[in-house]
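Residue-level structural notes
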Amino acid sequence: MIRRATVLFLAALLPLLAGAGQAQAVGYRYWSFWEHSGTAWTYATQGPSTARPSDGDVQGFRFSVSEDSADAAKPRGTSDFGTVCAKTPAKDGEKRVALVIDFGTPADAPSGETPPVGRTACARVPEDATTAEALASVAKPLRYDTNALLCAISGYPEKGCGEQVSSEKAPASAEEKSSSTDSGGPSVGLIAGIAAVALLAAAATWQARRRA
């Protein structure tokens, strides 16, 4: 009876363990919007069409494939206001906003497209201008969908807007890899599960020999 119950348990457990190593997250390809605090990038809490930066602010845009804001890739490159706006003098009645535009990696690019080289720009705009207006002054053409979602900066990408892509996430570039020790092999949970199955199988065999 014990042996039969163990066999049934293993039969039910093995499909779950097999699927554990195959689970993949759903990703979306889009432009994310960021604000720089002076020391680090933070995901913006409002869209560029409503955000109104102050003189001296640094804001960024990054094109990538991600699951959500917690998973989104941050802009790369210079993020220092003094450096980006060094050649743009202040002017009464206007403000300067440093913009970092990161077109992403080839792995994030739509099929048939190549991301342009990332760049920075200093937008000098009226004091009440939004981030979208600042961006439009230095990175046209912009493209939006019917829901006012930013789809393209400087014409990139040529098509698509926030579409769902393959569930297999593109590998991170070397500079984006964290200290994670994940090497793409089986997860710790999967290994532990396999070990548990092996122990249960051994126990079942021992019980069967003992009763023989």
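Here, the structure is the one placed above.
Because the structure is a prediction, the values reported are computed rather than measured.

1. Regarding the environment of tryptophan 34
Of note, tryptophan 34 is situated in strand S1 (residues 27-36). It is 9.5 Å that separates the C-alpha atoms of tryptophan 34 and glycine 47, two residues lying 13 residues apart in sequence. Residues within four places of tryptophan 34 in sequence aside, it is in contact with Trp41, Thr42, Tyr43, Ala44, Gln59, Gly60, Arg62, Ala72, Ala73, Lys74 and Pro75. Within the structure, the side chain of tryptophan 34 is placed 2.8 Å from the side chain of serine 32, a separation counted as a polar contact.

2. Points about helix H3 (residues 131-138)
Restricting attention to buried positions, one finds in H3 the residues Thr131, Ala132, Ala134 and Leu135. In a view along the axis of H3, the buried residues occupy a sector of 160°, so they form one face of it. Buried residues belonging to H3 abut S1, strand S3 (58-66), strand S4 (94-102), strand S5 (119-126), strand S6 (143-144) and strand S7 (150-152).

3. Some details on the packing of aromatic side chains
Throughout the structure, instances matching the rule amount to 6 aromatic pairs. Their ring planes at 80° and their centres at 5.6 Å tell us that tryptophan 31 and phenylalanine 103 sit as a pair that is edge-to-face. With tryptophan 31 in strand S1 and phenylalanine 103 in the loop between S4 and S5, this pair connects stretches of sequence that are 72 residues apart. Residue phenylalanine 103 is classed as buried on the basis of its relative accessible area of 2%. Centre to centre, the rings of phenylalanine 63 and tyrosine 156 are 5.3 Å apart; their planes meet at 70°, and the pair counts as edge-to-face. With phenylalanine 63 in strand S3 and tyrosine 156 in the loop between S7 and strand S8 (164-165), this residue pair connects regions lying 93 residues apart in the sequence. Judged on exposure class, the residue phenylalanine 63 and its partner tyrosine 156 are both buried. Ring pairing ties together the aromatic residues Trp31, Phe63, Phe103 and Tyr156, which thus form one cluster.

4. Considering a negative patch on the surface
Taken together, the side chains of Asp92, Glu127, Asp128 and Glu133 make up a negatively charged region of the molecular surface. Tracing the chain through its elements places glutamate 127 in the loop between S5 and H3. We classify glutamate 127 as exposed; its relative accessible area is 54%.

5. A closer look at the state of the cysteines
Under the defined criterion, the tally for this structure stands at 2 disulfides. Shown here is the disulfide that connects cysteine 85 with cysteine 122, its sulfur atoms set 2.0 Å apart. Across the S-S bond of cysteine 85 and cysteine 122 the torsion is about 100°, and the bridge reads as right-handed. With cysteine 85 in the loop between helix H2 (81-84) and S4 and cysteine 122 in strand S5, this residue pair connects regions lying 37 residues apart in the sequence. Neither cysteine 85 nor cysteine 122 differs from the other in exposure class; each is buried. What pairs with cysteine 151 in a disulfide is cysteine 161, and their sulfur atoms sit 2.0 Å apart. A torsion of -75° about the S-S bond marks the disulfide between cysteine 151 and cysteine 161 as left-handed. Placement of the pair is cysteine 151 in strand S7 and cysteine 161 in the loop between S7 and S8, with a sequence separation of 10 residues. Cysteine 151 gets classed as buried once you look at its relative accessible area, which sits at 3%. Of note for the protein: the bonded cysteines, numbered N- to C-terminal, pair according to 1-2, 3-4.

6. Comments concerning empty space enclosed by the protein
Taken as a whole and judged by the stated rule, the model has 1 cavity of 30 Å³ or more. In this model, the largest cavity occupies a volume close to 30 Å³. Together, Arg29, Tyr30, Trp31, Phe63, Cys151, Pro157, Gly160, Cys161, Gly162 and Glu163 line the largest cavity. In terms of residue count, S1 provides more of the lining of the largest cavity than any other element does, 3 residues in total. Residue composition of the lining of the largest cavity, by class: 6 nonpolar, 2 polar and 2 charged.

Quick notes on the rules
- Residues numbered from 1 in each chain as written.
- Predicted model: local features only at pLDDT ≥ 70, side-chain atom pairs only at ≥ 80, totals over all residues.
- Heavy atoms only, no water.
- Helix = DSSP H or I, 4+ residues; strand = E, 2+ residues; numbered from the N terminus.
- Contact = heavy atoms within 4.5 Å.
- Polar contact = N/O pair within 3.5 Å; in protein donor to acceptor, adjacent residues only side chain to side chain.
- Buried < 20%, exposed > 50% of the residue type's maximum accessible area, 1.4 Å probe, protein only.
- Arc of directions from axis to C-beta.
- Phe/Tyr/Trp six-rings, centres within 6.5 Å; stacked < 30°, edge-to-face > 60°.
- Patch = residues over 30% accessible without salt bridge, like charges linked within 9 Å, V, L, I, M, F, W, Y side chains within 5 Å.
- Areas by Shrake-Rupley, 256 points an atom, 1.4 Å probe, with all protein chains shown as cover.
- Salt bridge = Lys/Arg side-chain N within 4 Å of Asp/Glu carboxyl O.
- Lys, Arg positive; Asp, Glu negative; His and termini not counted.
- Charge placed at Lys NZ, Arg CZ, Asp CG, Glu CD.
- Disulfide = S-S within 2.5 Å.
- 1 Å grid on protein atoms, 1.4 Å probe; cavity = no way out; pocket = protein on both sides within 12 Å on 5 of 7 lines; lining within 4 Å.
- Points joined across faces, edges and corners; volume = space filled by probe spheres on them.
- Nonpolar A, V, L, I, M, F, W, Y, C, P; charged D, E, K, R; others polar.

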